[in-house]
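Structure at a glance
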Amino acid sequence: GEHLLVVTDIARPFSVAEAIALAGERAGAHVTTVIMHPISSGQEPPAPVRGAMLAADVILAPVTGSLFHTTAAKEAAAAGARLLSVTEASEMLFIDGACLADFERVAETAERVRALLSAANQVRVTAPGGTDVTMSLAGREAMKVTGMAREPGVRAGWPDIEAFIAPVEGTATGTVVIDASASNIGLVREPIRFEIAAGRVVSVEGGGQAPEVARSLAATGHEGSSVIAELGIGLNPAGLVRGHIIEDEGVYGTAHVALGNNTNFTGGLNWAPIHFDYVFREPTITLDGRTIMTAGELVDER
C-alpha cells in the first residue's frame, strides 16, 4: 500500500529498475518509475524528480551518481521517506559481492565504529600506498550506512556499509594516495597522490588517470570541490573493489576520503556541486592516539 518511487537514468541498465519495480508490485506497492539523464554524485536531480521523491514513501534509486548526498534526498527523508541509493547500479551488484553480506550483523559493527569516530578529536590515517594524513574531528558527529533503510526518514547507500564523518573544514593536512577506486574514474590503474594543506587538495599527481581527476574537479568551477569533506571506513566483508563506488567505498579493509559537498552530513559546512569518493587499501586509523584499525583490520575495541 505504500508509494514506491524507482529513480533511474539512461546510463543504467533498465533491467535493474524494471526488476525493482516488479518486485515492488509483488510486495503490494504502488510503483512509479522515473528516468532522468545521468547526474554526478551530489548533484541535485531535476525538479520533477525531486517533487516525486517528496511524494514517495520508499525510494529505490539505481542511478549513475549518488542521490544520497543531495538536498532532495535529505528533504524526502525529512518528509518521512526511506531511501536506498544504488550508485553506478548494474546487474552485477545484485548478484554477488557486497549484496551477499549479513547486513543486520555488520550494522552492529558500523554503529561501534561510528561511536568511536564521534568521540574522537583527532585522527591520523596511514596506509602502505603512502597515505599519511591528519585531521580534526572535534565536535563532529559521525554517521553510518548499513545498507538498510527500514524506518521513515532513513536514507542509505546500498550495498555500502561504512562509518563516516565530516572532518572539521580547514584542518586536514598530509598526503592521501588512492590505490583502489574513485567516483569519477572507476578502478585506479596507477596510484593517484593528493597533497593536502589547510583542508583542501592542493595538488593531484600520479599516473594517466591523475590528470582526469584534476580536470573533473576543475570542471566544477567551484572552490569547494577541492575540500576534504569526509573520512569513511569500509566495513562490508563481502564487498569487492571492482569499480562501482557504492560497493568499493564500503569494502572491509579500505578507507576513503571524499571531496566536495558535506552539508548533508552531521556538522558539515562545505557546499560544492559534487561529492567524489576516493578509496585506498589497508588503512591504519588512530583516534586520539588509540589505533582502531591496523592494515585494514579492525582492532577489537570491546
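All of the points below concern the structure found in this document. Here the structure is a predicted model, which is why all the values come from computation and not from measurement.

Things to note about the overall build of the protein chain
When helices and strands are counted, the protein chain shows six helices and 20 strands. Relative to the 2.2 N^0.38 estimate, which gives 19 Å for 302 residues, the radius of gyration of the protein chain is 18 Å and therefore close to what a compact globule would have. Each principal axis of the C-alpha distribution contributes one length, and for the protein chain these read about 50 × 45 × 35 Å. Out of the 302 residues belonging to the protein chain, those deemed buried represent 56%. When the accessible area of the protein chain is evaluated, it comes to approximately 11800 Å², of which 53% is carbon and sulfur surface. Within the protein chain, the 36 negative side-chain charges are centred at a point lying 2 Å from the centre of the 21 positive side-chain charges.

Overview of the sheet that holds strand 8 (residues 155-157)
The sheet built from five strands is open, its strands ordered 2-1-3-4-8 with parallel pairing. What marks the edges here is a single partner per strand, and that holds for strand 2 (30-36) and strand 8. Strand-to-strand twist of the sheet, defined as the mean angle between neighbouring strand axes without regard to direction, takes the value 15°. Pairing between strand 4 (residues 82-87) and strand 8: three bridges, direction parallel. Each bridged residue has a counterpart across the sheet, and for L84 the counterpart in strand 8 is A156.

Description of a nonpolar patch on the surface
Taken together, I10, F14 and I35 make up a surface patch of nonpolar side chains, about 310 Å² in accessible area. Judged by relative accessible area, which is 42%, F14 ranks as partly exposed.

What about the nonpolar core?
Counting 63 residues, the largest nonpolar core has L117, F194, Y278, I285 and L287 as its most contacted members. Ranked by residues supplied to this core, first place goes to helix 4 (residues 103-119) with seven residues. Non-local contacts of L117, meaning those with residues more than four positions away in its chain, are made with L137, A142, A163, F164, I165, I233 and L287. Listed in part, the 17 residues of the second largest apolar core include I39, V49, A61 and L83.

Points about the pairing of strand 1 (residues 3-9)
The element strand 1 is largely enclosed, with a buried count of six among its seven residues. Summarising the sheet, strand 1 and strand 2 pair through seven bridges and their orientation is parallel. Paired with L4 across the two strands is V31, which belongs to strand 2. Regarding the hand of the β-α-β motif, the stretch spanning strand 1, helix 1 (residues 14-26) and strand 2 is right-handed. Where strand 1 lies against strand 3 (residues 58-63), three bridges are found, and the strand directions are parallel.

A look at the pattern of salt bridges
Per the counting criterion, the structure on display carries eleven salt bridges. The closest approach of N and O atoms between R150 and E104, which form a salt bridge, is 2.8 Å. Highlighted residues: R150 in the loop between strand 7 (143-145) and strand 8 and E104 in helix 4, separated in sequence by 46 residues. As a salt-bridge pair, R114 and E141 come within 2.8 Å of each other at their nearest N and O atoms. Placement of R114 in helix 4 and of E141 in the loop between strand 6 (132-136) and strand 7 is noted, with a sequence separation of 27 residues between them. Relative accessible area serves as the criterion here: at 38%, E141 is assigned to the partly exposed category.

Here's the deal with the pairing of strand 18 (residues 284-287)
Regular strands place their side chains on alternate faces of the sheet. Of the pairings in the sheet, the one linking strand 5 (residues 122-126) to strand 18 comprises four bridges and is antiparallel in character. Bridging from a neighbouring strand, V125 pairs with I285 of strand 18. Taken together, the three bridges between strand 18 and strand 19 (residues 290-294) define a ladder with antiparallel strand orientation. Across the sheet, residue I285 finds its bridge partner in strand 19, namely M293. The turn joining strand 18 and strand 19, which pair antiparallel and follow one another in sequence, is formed by two residues; a positive phi near 50° is taken by D288.

Digging into the environment of V58
Here V58 lies in strand 3. We classify V58 as buried; its relative accessible area is 13%. The residues touching V58, leaving out its near neighbours within four places in the chain, are E2, H3, L4, L5 and R82.

Structural notes on the packing of aromatic side chains
Considering all chains together, one arrives at five aromatic pairs under this definition. Between F194 and Y278 the ring centres are 4.9 Å apart and the planes differ by 80°, which places this aromatic pair in the edge-to-face class. Of this pair, F194 sits in strand 13 (residues 192-197) while Y278 sits in strand 17 (residues 275-281); the two residues are 84 residues apart in sequence, bridging distant segments of the chain. The burial state of F194 is the same as that of Y278; both residues are buried. One Lys or Arg, R155, reaches over the ring of F68 and ends 4.8 Å from the middle of that ring.

Reading guide: rules and limits
Residues numbered from 1 in each chain as written. Predicted model: local features only at pLDDT ≥ 70, side-chain atom pairs only at ≥ 80, totals over all residues. Heavy atoms only, no water. Helix = DSSP H or I, 4+ residues; strand = E, 2+ residues; numbered from the N terminus. Rg over C-alpha atoms; globule rule 2.2 N^0.38 Å. Buried < 20%, exposed > 50% of the residue type's maximum accessible area, 1.4 Å probe, protein only. Areas by Shrake-Rupley, 256 points an atom, 1.4 Å probe, with all protein chains shown as cover. Lys, Arg positive; Asp, Glu negative; His and termini not counted. Charge placed at Lys NZ, Arg CZ, Asp CG, Glu CD. Pairing = 2+ DSSP bridges. Axes fitted to C-alpha atoms, helices over the stretch in contact; angles between N-to-C directions. Patch = residues over 30% accessible without salt bridge, like charges linked within 9 Å, V, L, I, M, F, W, Y side chains within 5 Å. Salt bridge = Lys/Arg side-chain N within 4 Å of Asp/Glu carboxyl O. Core = buried A, V, L, I, M, F, W, Y, C linked by side-chain atoms within 4.5 Å. Contact = heavy atoms within 4.5 Å. Right-handed = clockwise from strand over helix to strand, strands pointing away. Phe/Tyr/Trp six-rings, centres within 6.5 Å; stacked < 30°, edge-to-face > 60°. Lys NZ or Arg CZ within 6 Å of the ring centre and 35° of its normal.

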